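# Geometric and topological summary
So you can see what is in the structure, the chains are spelled out below.
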Amino acid sequence: MEKSIRSIVREQLPPKQAGSIRSDRAIRLDKGEFPYPPSPQVISAIQAAASGINRYPEVLTNTLRQAIADYNQVDLDQIFVGNGSDDLIELVLKICIEPGDEVILPVPTFFVYGAASQMLGGVTISIPRQADFELDVAAILAAITSRTKLIFIANPNNPTANLVDRAALIELLDQTDCLIVVDECYFEICQTTIAAEIEKYPNLIVLRSLSKGFGLAGLRLGYGITSPQMVDYLYRIAQIFPVNQLAIAAGIAALTDLDYVETKLAEIKKERQQLAESMQALGLKVYRSDTNFLLVSCAAWNMTSSVLVSQLAQQEIFVADFGGKPGLDDYHLRVATGTPAENQAFLVTLQALKP
Ligand SMILES: Cc1ncc(COP(=O)(O)O)c(C=O)c1O
């Protein structure tokens, strides 16, 4: 008897697109990455750990969790780890979403929240942010139903780059028992956190990443801070080896070389300011940024972002097109801060494309 695979597998989601292969000359400002290599201490730690990868990693990765707990001045049982925040977003959804449950997303926001929710059968409820991309707390609270399980708030938000008002977050935490995930993927850049509130709100889950502030995006390492009870539930669902041996070694080393990160992030913030001013001088609208990337509107150039982004790509300069994405018009793009040389090359090309 012939059965088509399609009739066996779960509900279909759109296929993923392979990323384009880029030459070494390409300037990559499209993924919000740390533009420098990680700390030399991290590279040495990975090299030293490499000869031990015939062994499985620690089951609950307590050594790494302790280093993360010390960095955040919390207890080990308030920390969980995974393969980047993307993995943790999925893990959090897995502990609470049954098909038909609702997930609230203040849009525009990071696309993985919606994609991961839908993959698990969740229904996403998009609530527009205010004109300045602040949360519309009243609208979020009004959208909560008996099926709402989770609210995702990226802080700073991607792609809008802004931190939201702390009072708005506290109001949400005060007014609902749903799980509230505050995704602080860019914490090292903005140094703003709600993590101290985990003692008061057991439904608060703070997510962090070593991709952005520590330059480990290719390694895949993230962690969360929440109540010990929530950590216990998360680890019941998590894989037995939640992160690999090289990531454990690299994570511990990264957290002991904070001077490196501080120096590089100071350079990135200085460059971000210059990049913003230069784009403004070219007539583009640049939104306030509390992180390492800039949301830009090219409406004043009378050119859609998709045209501008593809013209830049022809010159091997990659930025992210957000034109027409939920909550944004056809003129938005996101530009990460690169190295000084990358930013300069980008600006020269941009100027040449100005109508
Ligand atoms: C808000 C936000 N959360 C999470 C992620 C994913 O981070 P990670 O590399 O840790 O999976 C990103 C990546 O751009 C992001 O912008």
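Conventions used here
- Residues numbered from 1 in each chain as written.
- Predicted model: local features only at pLDDT ≥ 70, side-chain atom pairs only at ≥ 80, totals over all residues.
- Heavy atoms only, no water.
- Near = heavy atom within 4 Å.
- Polar contact = N/O pair within 3.5 Å; in protein donor to acceptor, adjacent residues only side chain to side chain.
- Areas by Shrake-Rupley, 256 points an atom, 1.4 Å probe, with all protein chains shown as cover.
- Helix = DSSP H or I, 4+ residues; strand = E, 2+ residues; numbered from the N terminus.
- Nonpolar A, V, L, I, M, F, W, Y, C, P; charged D, E, K, R; others polar.
- Patch = residues over 30% accessible without salt bridge, like charges linked within 9 Å, V, L, I, M, F, W, Y side chains within 5 Å.
- Salt bridge = Lys/Arg side-chain N within 4 Å of Asp/Glu carboxyl O.
- Core = buried A, V, L, I, M, F, W, Y, C linked by side-chain atoms within 4.5 Å.
- Buried < 20%, exposed > 50% of the residue type's maximum accessible area, 1.4 Å probe, protein only.
- Domains from an automatic or database assignment.
- Contact = heavy atoms within 4.5 Å.
- Pairing = 2+ DSSP bridges.
- Buried area = accessible area lost by both parts, 1.4 Å probe.
- Phe/Tyr/Trp six-rings, centres within 6.5 Å; stacked < 30°, edge-to-face > 60°.

## Considering the site of the ligand
- In the neighbourhood of the ligand, 14 residues make up the surrounding shell, with Ser85, Asp183, Tyr186, Ser211 and Arg220 lying closest.
- Within the backbone of Ser85, a nitrogen or oxygen atom sits 2.7 Å from an oxygen atom of the ligand.
- In this structure, Arg220 approaches the ligand through a side-chain N or O atom, which is 2.6 Å from an oxygen atom.
- Here the ligand has 400 Å² of accessible area as a free molecule, and 93% of this is covered by the chains.
- If one sorts the elements of the shell around the ligand by residue count, helix α4 (residues 84-94) sits on top with 3 residues.
- In the shell around the ligand, the residues fall into 5 nonpolar, 5 polar and 4 charged.

## Some thoughts on a nonpolar patch on the surface
- A contiguous nonpolar surface patch, about 310 Å² in accessible area, is contributed by Ile5, Ile8 and Val9.
- You can see Ile5 is positioned in helix α1 (residues 5-8).

## Quick notes on the nonpolar core
- Residues Phe80, Met279, Phe346 and Leu350 are the most contacted members of the largest nonpolar core, which totals 110 residues.
- Both domains that furnish three or more residues to this core are identified here as domain 1 (20-38 + 259-353) and domain 2 (40-256).
- Leave out the neighbours within four places in its chain, and Leu350 touches Met279, Leu282, Leu284, Trp301, Leu308 and Leu312.
- Grouped together as the second largest cluster of nonpolar side chains are 6 residues, Phe133, Leu295, Phe322 and Leu328 included.

## Some words on the sheet that holds strand β9 (residues 285-286)
- Spatially, the 4 strands line up as an open sheet ordered β9-β10-β13-β12, and their pairing is antiparallel. The open sheet terminates on both sides in strands that have one partner only, identified here as β9 and β12 (320-321).
- With 5 bridges connecting them, strand β10 (residues 293-297) and strand β13 (residues 332-336) associate as antiparallel partners. Residue pairing in the sheet places Val296 in a bridge with Leu333 of β13.

## Some remarks on the domain arrangement of the protein chain
- Taken domain by domain, the protein chain consists of domain 1 (20-38 + 259-353) and domain 2 (40-256).
- For domain 1 versus domain 2, the separation of C-alpha centres amounts to 25 Å.
- Between domain 1 and domain 2, the residue contacts involve 22 residues of the former and 24 residues of the latter.
- Summing both sides of the interface, domain 1 and domain 2 together bury roughly 2000 Å²; the carbon and sulfur share of this comes to 67%.

## A look at the pattern of salt bridges
- Taken as a whole, this structure holds 11 salt bridges when the rule is applied.
- Here Lys31 and Asp30 are joined by a salt bridge, their closest N and O atoms 3.5 Å apart.
- The class of Lys31 is partly exposed, set by a relative accessible area of 46%.
- Linked through salt bridges whose partners overlap, the residues forming this network are Arg22, Asp30 and Lys31.

## Describing helix α3 (residues 62-72)
- Taken residue by residue, α3 has Leu64, Arg65, Ala67, Ile68, Ala69 and Asn72 as its buried positions.
- Buried-residue contacts for α3 involve β2 (79-82), β7 (204-209), β8 (222-225), α9 (228-237) and α10 (245-256).
- Positive phi shows up at Gln73, right after α3, with a value of about 50 degrees.

## Quick notes on the packing of aromatic side chains
- Under the defined criterion, the tally for this structure stands at 8 aromatic pairs.
- Ring centres 4.4 Å apart and planes at 5 degrees place the aromatic pair Tyr113 and Phe152 in the stacked group. Taken together, the residues span a long stretch of sequence, with Tyr113 in helix α5 (residues 111-119) and Phe152 in strand β5 (residues 148-154) at a distance of 39 residues.
- Under the relative-accessibility criterion, Tyr113 is labelled buried at 0%.
- Taking 5.4 Å as the distance between ring centres and 75 degrees as the angle between the ring planes, the aromatic pair formed by Tyr186 and Phe293 counts as edge-to-face. Of this pair, Tyr186 sits in the loop between β6 (179-183) and α8 (187-190) while Phe293 sits in strand β10, and the two are 107 residues apart along the sequence.

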